[in-house]
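Structure assessment
Listed below are the residues making up each chain.
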Amino acid sequence: MTQIPRGTGQKEAIFNNEVVSRFELYNSLFLTLPFYRIKDTGTLLPLFIKHCEEGVKNNETPTNIIKSFFDKFTKIESAKDGIDLLFRFIQYIERQVVLFDAVEDASFSRLNTQDDQSSIHSYLSKGIDNAILKAKIEKLVNEFSLRLVLTAHPTQFYPGSVLSIITDLTAALKINDISSINQLLQQLGKTPFFNKKSPSPVDEALSLAWYLENVFYFAAANIQSQVDFTLSEFNIDSKRVIELGFWPGGDRDGNPNVNTDSTLQVVKMLRQILFRCYYRDFRKLKRRITFRGVEDTIAVIQDVLYNNAFDTSIAPENIGAFLLDQLTKIKTTLLEAHDGLFVDLVEDLIRKVNLFGTYFASLDIRQDSRILRNAHAYCLDRSLEPDDLIQDTIGTIAEIKQIQESNGELACHRFIISNCQKASDILMLTDLFLWNGWKEEELSIDFVPLFETVDDLLVAGEVMETLYTNPFYLKHLERRGFNQHIMLGFSDSTKDGGYLMANWSIFKAKVDLTSVSNKHNIQLAFFDGRGGPPARGGGKTHRFYASMGKEIANKNIQITIQGQTISSQYGSIDSAEFNMEQLINAGISAGIREKHNILLDPLHKDLLDVMASDSYNAYVGLRQHPLFMSYLEKYSPLTLLSKITISSRPVKRNSGKKLQLEDLRAIAFVTSWSQLKQNIPGFYGIGTALKNQEDQGNWDNVYKTYQESGYFKTIIENCMMSMSKTDFSVTAYFAEDPEYGSFWKMLNAEFELSKKMLLRLAEHESLMENYPVEKRSIAVREKIVLPLVLIQHHAMAQLQDESKEADHASYEKLAIRTVYGIVNAGRNLA
């Protein structure tokens, strides 16, 4: 059994009792999981875990740790038998991760409570006797929205069958139903975790749609219901605050597998899943509303919902207004003739139709500006031969019109231009629309530039100034209500410039873009392309929005959520509601306070400029080190990620060419470092930047900035979160490597320096000291997956050994398999 050390404190006590103790109890059930050739595996695993811990403490190599375990505890003699046992260990550990996830999720409501002081209700209550405050709150609520966009890189690692088991397991754990838990764990043991082949874009969409159907359909409606109730209590008209977005099937950037056909399939699939949700709710409603006066209307609605849910041959129509009209008739009859009995069921369905329409989630289209330039050149000179990407671009533009006609404008109304570098990148896309079936006055599309690299962020304000002063584009914005969406990429900016420079560059870009937008009376909405880990914009996201300040547009919070962030923060209705509420409260509270962001004051701004520059120089120096890429390729599973069957998207652009950092996708880059347990993109350079300030006698100013700026403090806290998932002791044996030893020592030295300086700045003795429950959770997860990390490193070492060439295929599979469990356990590593 995996023994976990206990922590102290009130929340930690709950965590120990509700999570750790129950995990240890139910973990014993793994001894009976029905794996193939199960004999001795459950008995050997605890011994293997302890052996791994001792080996790491002694700085032994993973291969020596595993070999000595085989010699001491088994009779294994052949490489094949050893690999087979390691595979069985992986199977156990993968399911231990799932069990811990489920136990933690089952205790979510006890471990997490909202701050009622920052809720909409709290602010409205304060405005009862303050007409100015009340008017301000009403205006803010009317303008505010939260858009969560589910993205497909990577997809959720678990298939729908496993997700359903996890949901049922969590429910059983909430009531300690031992019998059901035992059966579900056995079912988990027999259920495949992963696909044998890479999913298509439609497969990815179906995987993520599980969350739409089973979580967001309910959680978003519950949040909206709370908002509606609160607003009605204060005699304020209802306002839709939740919007859902979707990328699988629409995001073409670097993914040649997405085409016009897959886009239409995804739109159709989302519609059908939504109508099945509506039909499921309507059947419950029909069982209760058995009164006279509504029979005909109920029959009409039932036929419409059933046909749209199950008849795949039906031509889709935008029938949202029709459904609302029919449901409102039923509501009126109930209120007038039946004392409002069961009217809440009708209101719930009306609320959902208002939220999701006939499309469920708005499908974004995204393509690289270089592809769009090629399509533009082709349209100017039709004598050129169009390639597949050009044909797809032109076909997609025509397709969007079809989607809007059959599902409503909101079904697909944004086209994101990635790698946007100049105003002409947006203007040429408007040309493509006008040249391919769209009329200027009917151009119901929001063109969204995506600024990603440090250099692109620097000129983003200038790009938008050029656009806002372009007569054609300004006229287009007028027809769009003078609303402009701008996307900022956290992942690529971190890969490009390092953690601190990326966050500071995005902050300054937001200030510049807000200023230029305000100058032209444009309502700006930032769409933040955030990944799971802090290195890709993740971490304590809501704290960023709560601390933006009045100089940054913050009335429309839009963020991507992806991979394990979906399952960890939005994997259940409870957690989804909690995290959506946090973001809404953050946006509302920031808008109410309208505080000046002190980072714009010369003292703090100049300080951050210098620190970001120092951090950038340290990080770029590392990137330019001659061993940088070869180190990553040799010791991490980077070169194997393309063989992992979790995504339709290639791990790098320009597939087939030699691997270069510029072509490598940020997610593969960050994942590779996390597999090494080094997490370089999440901290590298920040220690150097802080030490330089100390050496220059500026430490008091740094401390002052940390204490006074919530935004800077969040940057620091997220960095410490990333570092808490870093463990250089696992690779301590690298120090003796004749080729890479000094390089590893350089990485480790920056980690130790960063840790020392951050702890001094925060006045803490350990990382994440002020988040004890999350710190404990990370510690438990790291303990569970330590054997996976060592198995991976062992397999990678064997792949470097030419004498083991006969077993290379098996070791490759072994290394690949460990990636899943390590990322899943980290929950926001990828």
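Here we summarise the structure given alongside this text. Worth saying up front: this structure is predicted, and the values here are computed from it rather than measured.

1. Digging into the sheet that holds strand 8 (residues 523-529)
Ordered by their spatial adjacency, 9 strands build an open sheet running 3-2-1-9-8-7-6-5-4, and the pairing between neighbours is parallel. Each edge of the sheet is formed by a strand with only one pairing partner; in this case those strands are strand 3 (362-363) and strand 4 (365-368).

2. Description of the nonpolar core
Within the largest apolar cluster, 260 residues are counted, with the highest numbers of intra-cluster contacts made by Leu148, Ile242, Phe246, Phe433 and Tyr631. When neighbours within four sequence positions are excluded, Phe433 is seen to be in contact with Ile397, Ile400, Phe415, Trp438, Leu443, Ile445 and Phe447. Core analysis: the second largest hydrophobic core is formed by 7 residues, Ile416, Val448, Met487 and Phe527 among them.

3. Some remarks on the packing of aromatic side chains
A full pass over the atoms with the stated rule returns 41 aromatic pairs. Here Phe48 and Phe69 contribute two aromatic rings whose centre-to-centre distance is 5.0 Å and whose plane-to-plane angle is 65 degrees, an arrangement assigned as edge-to-face. Here the residue Phe48 occupies a position in helix 2 (residues 41-57), and Phe69 occupies one in helix 3 (residues 62-73), the gap between them amounting to 21 residues. Judged by relative accessible area, which is 0%, Phe48 ranks as buried. On the accessibility criterion, Phe69 (0% relative accessible area) is buried. Relative to Phe218, the ring of Tyr217 has its centre 5.2 Å away and its plane inclined at 85 degrees; by these criteria the two rings are edge-to-face. What links up through ring pairs into an aromatic cluster is the set Phe628, Tyr631, Tyr635, Phe669, Trp673, Tyr733, Phe734, Tyr740 and Phe743. Directly above the ring of Trp438 sits Lys401, whose terminal nitrogen or CZ lies 4.4 Å from the centroid.

4. Re helix 20 (residues 471-479)
Among all positions of helix 20, only Tyr473, His476 and Leu477 are buried. The arc that holds every buried residue of helix 20, seen down its axis, measures 100 degrees, which confines them to one face. In this fold, the buried residues of helix 20 make contact with helix 17 (423-435), strand 6 (446-451), helix 19 (460-468) and strand 7 (483-489). Capping of helix 20 at its N-terminal end is provided by Asn470; its side-chain oxygen lies 3.1 Å from the backbone amide nitrogen of Phe472. Count one or two residues on from helix 20 and you reach Gly481, which has phi positive near 75 degrees.

5. Some points on the side chain of Ser145
Mapped onto the fold, Ser145 is located in strand 1 (residues 145-150). A residue is classified by how much of its surface remains accessible, and Ser145, at 5% relative accessible area, is buried. Separated by 2.8 Å, the side chains of Ser145 and Asn556 make a polar contact. What Ser145 contacts, discounting residues up to four positions off in sequence, is Lys239, Val241, Glu243, Lys555, Asn556 and Ile557.

The rules behind each value
Residues numbered from 1 in each chain as written. Predicted model: local features only at pLDDT ≥ 70, side-chain atom pairs only at ≥ 80, totals over all residues. Heavy atoms only, no water. Pairing = 2+ DSSP bridges. Helix = DSSP H or I, 4+ residues; strand = E, 2+ residues; numbered from the N terminus. Core = buried A, V, L, I, M, F, W, Y, C linked by side-chain atoms within 4.5 Å. Buried < 20%, exposed > 50% of the residue type's maximum accessible area, 1.4 Å probe, protein only. Contact = heavy atoms within 4.5 Å. Phe/Tyr/Trp six-rings, centres within 6.5 Å; stacked < 30°, edge-to-face > 60°. Lys NZ or Arg CZ within 6 Å of the ring centre and 35° of its normal. Arc of directions from axis to C-beta. Polar contact = N/O pair within 3.5 Å; in protein donor to acceptor, adjacent residues only side chain to side chain.

That's the geometry; what it means functionally is another story.
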